[in-house]
Amino acid sequence: MRQTSAVLPTDATLATARLQVLGDGRGLDEQQVLDILRLPDQHVPDLLALAHEARLRWCGPEVEVEGIVSVKTGGCPEDCHFCAQSGLFPSPVRAAWLDIPSLVRAAVETAKTGASEFCIVAAVRGPDARLMAQMREGVAAIRAAVDINVAASLGMLSQEQVDELAAMGVHRYNHNLETARSYFPSVVSTHTWEERWATLTMVRDAGMEVCCGGIVGMGETLEQRAEFAAQLAELDPHEVPLNFLNPRPGTPFGDLPVMDGTDALRTIAAFRLALPHTILRYAGGREITLGDLGTRDGMLGGVNAVIVGNYLTTLGRDADADLALLDELAMPIKALSLTL
Ligand code: SF4
């Protein structure tokens, strides 16, 4: 009797991913990511298990914990359609600045959670002289007060500003590409994807760690989601924060539906398999997309970093709840000394 050796496409997709990512440490390419994003729901548990294995194999069990603080909130001149901090939409977020003592207090509080990263964020197109002066003073004050890595996210930079931030001791710079190059014009009209890319390459060439991710669930196609993963893999960032759209009232994307939880998990696993060595961080939107149970699934499906506490314009989960979950999953918090 003839044996049937037919391999279902789904099985082949996962088997190839296993060999290539788990075996060789090579991330999936754009077409392979697309195949993963098209996997039927019943294969998602196997997919998450594979992504988790890949994370453990190439990154280890540690989880990097980061706190973020906004030094300048709202009133941004750009028009990113998902963002409540744009001054161009009738969003409820109004412009406000944080003073240096409050900044230092936030860093100290963040360090108490065990976090190794503290990211200073400003809602701006790029920093002006006032913001750069505040960074100089703020970074020095934080470094004098507490042992924590300082990261920054201040929009697009000139070469001079890149050099200055590196000299201040900012060790990682966040600047998200947000979405696939082909979809970016549907998300932002006031600047280009290429302008963002230029900042990222300057940051990388200056020796700072590059943190670059984006938002999924903004109406992009699965092909564009795969394109985005491949573009991130080309950049090869140290860290990828993955956000799920949390539609904010008053923004152009305010009426988009919340992303389906299974789709979100499939996306997490696909990005892990495209970027086996990177820090893949849960950023905003996971609470409404995934809830508590889904958060756990993602931590067991490729994610190895979290932001504790609140995000910039929306409330996150309680930091204690996240830390308790890591404890329960036996995932140690990455120690500060290992990241220096
Ligand atoms: S995402 Fe950043 S650049 Fe875009 S509007 Fe919001 S704060 Fe401004």
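Computed from a prediction, not measured in an experiment: that's the story for all the values here. Residue indices begin from 1 for each chain and proceed along its sequence in written order. In keeping with the predicted nature of the model, local features appear solely for residues at pLDDT of at least 70, side-chain atom pairs appear and are counted solely at 80 or more, and the whole-chain, interface and lining totals rest on all residues. Heavy atoms from the whole structure form the basis of all side-chain values; hydrogens and water molecules are not counted.

### Remarks on unusual backbone geometry
Of note, Asp236 is a non-glycine position whose phi angle comes to about 55°, a positive value. The way it works is that DSSP assigns letters per residue, a run of H or I at least four long becomes a helix, a run of E at least two long becomes a strand, and they are numbered from the N terminus. Examined against the element boundaries, Asp236 turns out to sit in the loop between helix H8 (222-235) and strand E8 (239-244).

### Considering the site of the ligand
Definition of nearness: a residue and a molecule or strand are near each other if at least one heavy atom of the residue lies within 4 Å of the molecule or strand. Around the ligand, the structure places Cys76, Glu78, Cys80, Phe82, Cys83, Ser86, Ala123 and Val124. Residues are grouped as follows: nonpolar covers Ala, Val, Leu, Ile, Met, Phe, Trp, Tyr, Cys and Pro; charged covers Asp, Glu, Lys and Arg; every other residue, Gly included, is treated as polar. Of the residues that constitute the shell around the ligand, the class distribution is 6 nonpolar, 1 polar and 1 charged.

### Re the pattern of salt bridges
Side-chain pairing between opposite charges can occur once the charged atoms of the two side chains come close. We count a salt bridge whenever a side-chain nitrogen from Lys or Arg sits within 4 Å of a carboxyl oxygen from Asp or Glu. As enumerated under the stated definition, the model contains 22 salt bridges in all. In this structure, Arg172 engages Glu209 in a salt bridge whose closest nitrogen and oxygen atoms are separated by 2.8 Å. Taken together, the residues Arg172 in strand E5 (residues 172-174) and Glu209 in strand E6 (residues 209-211) connect sequence positions 37 residues apart. Partly exposed residues are those whose accessible area sits between 20% and 50% of the maximum for their type, while under 20% is buried and over 50% is exposed, using a 1.4 Å probe and protein chains only. With a relative accessible area of 1%, Arg172 lands in the buried category. A salt bridge links Glu328 to Arg296; its shortest N-O distance comes to 2.4 Å. On the criterion of sequence distance, the pair formed by Glu328 in helix H11 (residues 319-328) and Arg296 in helix H10 (residues 286-299) is long-range, its members being 32 residues apart. We classify Glu328 as exposed; its relative accessible area is 53%. Connected through salt bridges with shared partners, the residues Glu64, Glu66, Glu117, Arg172, Glu209, Glu239, Arg281 and Lys334 form a single ionic network.

### Quick look at the packing of helix H5 (residues 129-145) against helix H6 (residues 159-168)
Geometry is summarised by axes, namely lines fitted to C-alpha atoms with helices restricted to the contacting stretch, and by angles between N-to-C directions that run from 0 to 180 degrees. Where H5 meets H6, the axes come as close as 10 Å, and the angle between the chain directions of the two elements is 15°. Relative to H6, the element H5 is oriented roughly parallel. By crossing handedness, the relation of H5 to H6 is classed as right-handed. Residue-level contacts link Met132, Met135, Arg136, Val139 and Arg143 of H5 to Gln161, Glu164, Leu165 and Met168 of H6. Counted by class, the contact of H5 with H6 contains 5 nonpolar, 1 polar and 3 charged residues. Orientation categories follow fixed angle ranges, with anything under 35 degrees roughly parallel, anything over 145 roughly antiparallel, 65 to 115 roughly perpendicular, and all other angles oblique. Crossing handedness is read from the near helix: turned anticlockwise from the far helix by less than a right angle, it gives a left-handed crossing, and turned clockwise, a right-handed one. Contacts between residues were defined by any pair of non-hydrogen atoms, one from each residue, lying within 4.5 Å.

Keep in mind these values describe shape, not function.
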